[in-house]
Amino acid sequence: MYLRRVDIRNFRCWERCRIDPASGLNLIIGENASGKTSLLEAIYFLGRARSFRQTPPNRLIRRGADAFNLNAEVVSEDRRPLRIGIERKPGNTRLRLDGREDVPLLDLVSALPVQVIDPNIHRLLEEGPRHRRRYLDWGVFHVEHGFFPAWRRYRRALRQRNGALRRGLPKTDVIVWDSELVHAAKDVDACRRSYLHALERVLPEMVGEILGEGEVVLDYHPGWPLDEDYGSALLHSLERDRRMGFTQHGPHRADLRVRVASMTARDWVSRGQQKVLTAALLLAQAALLDRRRGIRPVLLIDDLAAELGGTYRAAVMRAIGRLRGQCFLTFLDEALVPEGTGECAMFHVEHGRVRRGA
Ligand SMILES: Nc1ncnc2c1ncn2[C@@H]1O[C@H](COP(=O)(O)OP(=O)(O)OP(=O)(O)O)[C@@H](O)[C@H]1O
Ligand SMILES: [Mg+2]
């Protein structure tokens, strides 16, 4: 899958940016603050309807404009072109797919699987479980088709149960949701486990290729104590749930800890190694999506040179090359592009303009 055309209007510093990217590597070269990350961010927004920089959507609208518009033509693996569009006005996002207005987010996310590697990716290892759940569930969503309906059922039941807890309703009004919660949680958990089982087979190859050493272990925690089934965990925490006013156990609290050999990755590896390890985790997902569904996601690689020496940079580039999907990479300077980078399209960005280079 690849983007054949991207048209950005009033997004961050871009008043207008229109590019016809190559289906393989696309290098975006420009000075600080020229709009490189914003360009990747716009593409990411097209596939996820949110930013990867934790900026609220309204702040992405160019200062002085009242809305941003993103449009793109996606060519799917079966060569079918698809037009996707997003308009964001303050407080309101509208999604368009092939002329159909106000399509659900799910359709957009399915149409454009997009993954990002930016200078902050090590947060995946360092920060709370939310980032790792998001990492895990992106892959599960695209590979395991039973996941989304189960997740939706789970969220619905959880919302109801939490509502009852918050309002201090009697026990019976709380536990009435438990059976639906347990059923849905079982399916969510099964999809996650099945996905991880497949990921564990792809990961060593990617880690070996990029990091070159260390056995990476994924420790999955379903979101409730490992020595209990979910139904009993809910029962045991009922009194605490009522005191706290929300449900403490369940797939919404799952985590995926990453260990290198017998230590946690956070303790073992340097910042640079954390980055390449995270890059390996993300690229392994891309490889798995291709193997299982024949879909090559669009990869966005922001500032690969930040904190990464030449050896790691070259290793990441080789891995990206082998995935053979569409990839957008930003660099401050052409000189930072790893040697041996094959055929690619080059875009120079400066002062709100983009120019295709040689
Ligand atoms: N809503 C907005 N409206 C107008 N300009 C914005 C908005 N949000 C961010 N900017 C500006 O966009 C410019 C480009 O930012 P961006 O992060 O894309 O640059 P970059 O090329 O990635 O820089 P670096 O090399 O430092 O990472 C910045 O000067 C920033 O202040
Ligand atoms: Mg940047």
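Residues numbered from 1 in each chain as written. Chains lettered and ligands numbered in written order. Predicted model: local features only at pLDDT ≥ 70, side-chain atom pairs only at ≥ 80, totals over all residues. Heavy atoms only, no water.

Strand order across the open sheet formed by six strands is 2-1-4-5-6-7, with antiparallel pairing between neighbours. Looking along the sheet, the strands with just one partner apiece sit at the ends: strand 2 (14-19) and strand 7 (100-101). Contacts between helix 1 (residues 36-48) and the sheet are confined to strand 1 (2-11), strand 2, strand 4 (68-75) and strand 5 (81-89), with strand 1 contributing the most and set at about 110° to the helix. (Pairing = 2+ DSSP bridges. Helix = DSSP H or I, 4+ residues; strand = E, 2+ residues; numbered from the N terminus. Contact = heavy atoms within 4.5 Å. Axes fitted to C-alpha atoms, helices over the stretch in contact; angles between N-to-C directions.)

Together, R152, R155, R156 and R159 give the surface a local cluster of positive charge. Position of R155 relative to the elements: it lies in helix 5 (residues 147-166). With a relative accessible area of 33%, R155 lands in the partly exposed category. (Patch = residues over 30% accessible without salt bridge, like charges linked within 9 Å, V, L, I, M, F, W, Y side chains within 5 Å. Areas by Shrake-Rupley, 256 points an atom, 1.4 Å probe, with all protein chains shown as cover. Salt bridge = Lys/Arg side-chain N within 4 Å of Asp/Glu carboxyl O. Lys, Arg positive; Asp, Glu negative; His and termini not counted. Charge placed at Lys NZ, Arg CZ, Asp CG, Glu CD. Buried < 20%, exposed > 50% of the residue type's maximum accessible area, 1.4 Å probe, protein only.)

Let's shift gears to the site of ligand 1. Among the 16 residues in the neighbourhood of ligand 1, the closest are listed as A33, K36, T37, S38 and I61. Contacts to ligand 1 include S38, whose side-chain N or O atom sits 2.5 Å from an oxygen atom. Within the backbone of R59, a nitrogen or oxygen atom sits 3.0 Å from a nitrogen atom of ligand 1. Expressed as a share of its isolated accessible area of 660 Å², the protein-covered part of ligand 1 is 74%. Within the shell around ligand 1, the residues separate by chemical class into four nonpolar, five polar and seven charged. (Near = heavy atom within 4 Å. Polar contact = N/O pair within 3.5 Å; in protein donor to acceptor, adjacent residues only side chain to side chain. Nonpolar A, V, L, I, M, F, W, Y, C, P; charged D, E, K, R; others polar.)

Moving on to unusual backbone geometry. One non-glycine residue, N10, adopts positive backbone phi at about 55°. Along the chain, the position of N10 falls in strand 1.

Another aspect to go through is the packing of aromatic side chains. The final tally for this structure, using the stated rule, is eight aromatic pairs. Plain terms: the ring middles of Y44 and F52 are 5.2 Å apart, the flat faces sit at 85° to each other, and that makes the pair edge-to-face. Exposure class is identical for Y44 and F52. Each is buried. Ring geometry for F141 versus F148: centroids 5.9 Å apart, planes at 85°, classification edge-to-face. For F148, a relative accessible area of 25% puts it in the partly exposed group. (Phe/Tyr/Trp six-rings, centres within 6.5 Å; stacked < 30°, edge-to-face > 60°.)

Tallied over the entire structure, the rule returns 26 salt bridges. For D102, the salt bridge goes to R94, with nearest N and O atoms at 3.0 Å. D102 gets classed as partly exposed once you look at its relative accessible area, which sits at 46%. The partner of R153 in a salt bridge is D187, with the nearest N and O atoms 3.4 Å apart. Remark: D187 occurs in helix 7 (residues 178-210) and R153 occurs in helix 5; sequence separation between them is 34 residues. When its relative accessible area of 28% is taken as the criterion, R153 is described as partly exposed.

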